[in-house]
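# Breakdown of the fold
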Amino acid sequence: MPTTNKRINLTMPDNIYERLLTYKQKNGITSDASACLQLIVRQLDNIDASEQMMKMMSKYSLEEIKQLSDIGLTELK
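The following refers to the structure shown. (Residues numbered from 1 in each chain as written. Predicted model: local features only at pLDDT ≥ 70, side-chain atom pairs only at ≥ 80, totals over all residues. Heavy atoms only, no water.)

### Structural notes on the overall build of the chain
- The helix and strand tally for the chain stands at 3 helices and 0 strands.
- Helices (α) and strands (β) of the chain occur, in sequence order from the N terminus, as α-α-α.
- For the chain, whose C-alpha radius of gyration is 20 Å, the value lies well above the compact-globule estimate of 11 Å for 77 residues.
- Dimensions of the chain, computed from C-alpha atoms along their principal axes, come out at roughly 55 × 30 × 20 Å.
- Within the chain, buried positions represent 8% of all 77 residues. (Helix = DSSP H or I, 4+ residues; strand = E, 2+ residues; numbered from the N terminus. Rg over C-alpha atoms; globule rule 2.2 N^0.38 Å. Buried < 20%, exposed > 50% of the residue type's maximum accessible area, 1.4 Å probe, protein only.)

If you want it as structure tokens, here you go:
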């Protein structure tokens, strides 16, 4: 079936494949490709979120970050 999407041929060691199988089972995913795509999207989203957090934190001084951290820890308790 023709597609405009990109294809990736991926090989992995047995230990990583076992982890993928466990991930599929825990999340009710039926295909290896779907599991890999979901993991890639999740990781890319996490990278984007980390970069946004670092940009936000770079606007504050170390002292301000410590104060925000203290406030957050107090609220958590």
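Next comes the rest of the write-up.
### Quick word on the packing of helix α1 (residues 14-27) against helix α2 (residues 32-57)
- The geometry of α1 relative to α2 is characterised by a closest axis approach of 10 Å and an angle of 90° between their N-to-C directions. Classified by the interaxial angle, the pair formed by α1 and α2 is roughly perpendicular. Residues Y17, L20, L21, Y23 and K24 of α1 lie in contact with α2, whose contacting residues are D32, A35, C36, Q38, L39 and R42.
- Of the residues belonging to the contact of α1 with α2, the class tally is 7 nonpolar, 1 polar and 3 charged. (Axes fitted to C-alpha atoms, helices over the stretch in contact; angles between N-to-C directions. Parallel < 35°, antiparallel > 145°, perpendicular 65-115°, else oblique. Contact = heavy atoms within 4.5 Å. Nonpolar A, V, L, I, M, F, W, Y, C, P; charged D, E, K, R; others polar.)

### Remarks on the layout of surface pockets
- Put simply, the largest pocket is a space of about 500 Å³.
- Lining the largest pocket are 13 residues, and of these K6, I8, A33, C36 and L37 lie nearest its centre.
- Here the lining of the largest pocket takes 5 residues from α2, the largest share from any one element.
- Classifying every residue of the lining of the largest pocket gives 9 nonpolar, 1 polar and 3 charged.
- Of the volumes computed, that of the second largest pocket is approximately 160 Å³.
- Lining the second largest pocket are M12, I16, R19, L20, Y23, C36 and L39.
- For the lining of the second largest pocket, the secondary-structure elements that each account for two or more residues are α1 and α2.
- Per-element accounting of the lining of the second largest pocket gives the leading share, 4 residues, to α1.
- Looking at side-chain class alone, the lining of the second largest pocket contains 6 nonpolar, no polar and 1 charged residues. (1 Å grid on protein atoms, 1.4 Å probe; cavity = no way out; pocket = protein on both sides within 12 Å on 5 of 7 lines; lining within 4 Å. Points joined across faces, edges and corners; volume = space filled by probe spheres on them.)

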